[in-house]
Amino acid sequence: MKAIYLGRRPLFLALAFALAAIPASAEPADLPAQISGSVGNQSGYIGLREDIPDELAYDWYSATEASARAERTGETGRFYAALWTQFDAASGDWSLSIDEAWAEWTPEDFFAGKLGRFGVQFGPCLAFNSANSLVTKDTFDDRANKVGLDGISLEFRPLLIAKKADSPLSLALTAGVFLPGDASGETAPEAGDIDQAIAHGRIMLFVPGIGILGPTEFGLAGTIRRMDGSEPESGDRDEGESARDLGAWISADAGGFVLGAEGTVRTEEYGWAFSLNRKIGDYLAIIETRYESEPDAWQGFAQLSWITEDSGVTLNALYDFAVKAARTSLEASRNVTDFLVLEVKASWNYRPERWTPELLADYTAGLSFEYFF
């Protein structure tokens, strides 16, 4: 049996839980934490590549999952926690994760402080996220980016400090420090390595629409992987990780189309991504492209969705022009009741051995259900 990731910094998380015990508001009539969650199962068949030895892989999967979320909101603060567990019947492994556990203090409209484990999301693209070096998106992995980073962040809104609450502009300045260690949480820093923590800063400007140009967001973000200025050894550096990076993005609504662009300059390379999407009735179409200077590769992504109040169908396709390989998936869901969702999933991979890391399956097909409470 395998237990995964209760938390890479138990002491730090304990502090966040301790803060949650402090009343979010001085009013005695505060409501207790709101609890929600879900249970479900995903099962299906895996069409393995012919060159995969039988003893190294399973040709079926069945994973039972459960999640729970607790939230408490007061006049000057908020607490949120999310836990997830899974039993993989094929491998016999248990997984357990504290995805988020943070406390937020908001004494004034222009200030917010957050402490604990929380997600750091920014940038307009769905499949690619060049401007954000702290997370890696994967539209084919339901668990991608679900586990937050351990740290503290402070957010300021200077236009509100200047008593310009009626301004059509919105400006947010965010500064954060995250504890060192790899993003997966499998390793933790040695004692005394706090000087190698990750420093992160972000500026976001929101501009209202003018003419055919709708609401527009501009952003700038910078990250330093080690605050002491030291450079990680090349062998210790995760794939895609640089010691320093600067990212920028823009997102705008123009004539019914939503345009997005992201770019980043890292210590030794650069990259960018573009996104275009349009919603017409129950249909949504998304097209994205990305270029990375290392390894000098282009990728393209497309998504077409049909979504109604009770049903939905989504087709995803990803193509790598460098290795000439593709990944596709098709998902169809139906809300049987207000609490129960059934889903059919299928995927097909073209030249799966050319992806990094290599994909084991040529195709998969399965069913899943999820019950919410």
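Here, the structure is the one placed above.
This report concerns the structure included in the present document. (Residues numbered from 1 in each chain as written. Predicted model: local features only at pLDDT ≥ 70, side-chain atom pairs only at ≥ 80, totals over all residues. Heavy atoms only, no water.)

### What to know about the environment of R143
(1) Moving on: By secondary structure assignment, the location of R143 is in the loop between strand 5 (111–118) and strand 6 (149–156).
(2) Moving on: In contact with R143, other than residues within four places in its own chain, are W84, S97 and D99.
(3) Moving on: A polar contact is formed between the side chain of R143 and the side chain of D99, at a distance of 2.9 Å. (Helix = DSSP H or I, 4+ residues; strand = E, 2+ residues; numbered from the N terminus. Contact = heavy atoms within 4.5 Å. Polar contact = N/O pair within 3.5 Å; in protein donor to acceptor, adjacent residues only side chain to side chain.)

### Observations regarding the pattern of salt bridges
(1) Moving on: Under the defined criterion, the tally for this structure stands at nine salt bridges.
(2) Moving on: A salt bridge links D150 to R117; the shortest N-O distance between them is 2.7 Å. With D150 in strand 6 and R117 in strand 5, this residue pair connects regions lying 33 residues apart in the sequence.
(3) Moving on: Accessibility expressed as a relative area gives 0% for R117, which makes it buried.
(4) Moving on: Residue R266 pairs with E292 through a salt bridge whose shortest N-O separation is 3.0 Å. Of this pair, R266 sits in strand 11 (residues 257–266) while E292 sits in strand 13 (residues 283–292), and the two are 26 residues apart along the sequence.
(5) Moving on: By relative accessible area, which is 12% here, E292 ends up buried.
(6) Moving on: When salt bridges with common partners are traced through the structure, they connect R49, D51 and E358 into a single cluster. (Salt bridge = Lys/Arg side-chain N within 4 Å of Asp/Glu carboxyl O. Buried < 20%, exposed > 50% of the residue type's maximum accessible area, 1.4 Å probe, protein only.)

### Some words on the layout of surface pockets
(1) Moving on: Roughly 390 Å³ of volume is contained in the second largest pocket.
(2) Moving on: Along the walls of the second largest pocket sit 21 residues, with E155, R157, T174, R202 and M204 positioned nearest its centre.
(3) Moving on: When contributions to the lining of the second largest pocket are tallied by element, the ones reaching two or more residues are strand 5, strand 6, strand 7 (170–178) and strand 8 (198–207).
(4) Moving on: Broken down by element, the residue count for the lining of the second largest pocket peaks at five residues, all from strand 7.
(5) Moving on: Looking at side-chain class alone, the lining of the second largest pocket contains seven nonpolar, eight polar and six charged residues. (1 Å grid on protein atoms, 1.4 Å probe; cavity = no way out; pocket = protein on both sides within 12 Å on 5 of 7 lines; lining within 4 Å. Points joined across faces, edges and corners; volume = space filled by probe spheres on them. Nonpolar A, V, L, I, M, F, W, Y, C, P; charged D, E, K, R; others polar.)

### Brief notes about the packing of aromatic side chains
(1) Moving on: The full count for this structure, using the stated rule, is 15 aromatic pairs.
(2) Moving on: Ring plane angle 45° and centroid distance 6.2 Å describe the contact between Y45 and Y363, whose orientation is recorded as tilted. Highlighted residues: Y45 in strand 1 (residues 34–48) and Y363 in strand 18 (residues 361–372), separated in sequence by 318 residues.
(3) Moving on: Judged by its relative accessible area of 42%, Y45 is partly exposed. (Phe/Tyr/Trp six-rings, centres within 6.5 Å; stacked < 30°, edge-to-face > 60°.)

### A short note on the pairing of strand 13
(1) Moving on: Note: strand 12 (residues 270–280) against strand 13, 10 bridges, orientation antiparallel. Each residue of the ladder has a partner; that of L276, found in strand 13, is I287.
(2) Moving on: Where strand 13 and strand 14 (residues 297–307) come together, 10 bridges link them in antiparallel fashion. Paired with Y283 across the two strands is W306, which belongs to strand 14.
(3) Moving on: The turn linking strand 13 back onto strand 14 is made up of four residues, and D296 within it adopts a positive phi angle of 55°. (Pairing = 2+ DSSP bridges.)

### Some remarks on unusual backbone geometry
Phi is mostly negative for residues that are not glycine, and the peptide bonds are mostly trans.
(1) Moving on: Omega for the peptide link from E294 to P295 comes to 20°, which places this bond in the cis form.
(2) Moving on: Tracing the backbone shows P295 in the loop between strand 13 and strand 14.
(3) Moving on: A cis amide bond links T356 with the next residue in sequence, P357, at an omega value of -5°.
(4) Moving on: Mapped onto the elements, P357 comes out in the loop between strand 17 (340–350) and strand 18.
(5) Moving on: A positive phi is found at N145, a non-glycine position, where the angle reads about 70°.

### Notes on a nonpolar patch on the surface
(1) Moving on: The grouping of I152, L154, F156, I161, L173, V177, I203, L220, L246, V265 and Y270 at the surface amounts to a nonpolar patch, some 880 Å² of accessible area in total.
(2) Moving on: It is strand 6 that provides the largest number of residues to the nonpolar patch, a total of three residues.
(3) Moving on: Along the chain, the position of L220 falls in strand 9 (residues 213–224). (Patch = residues over 30% accessible without salt bridge, like charges linked within 9 Å, V, L, I, M, F, W, Y side chains within 5 Å. Areas by Shrake-Rupley, 256 points an atom, 1.4 Å probe, with all protein chains shown as cover.)

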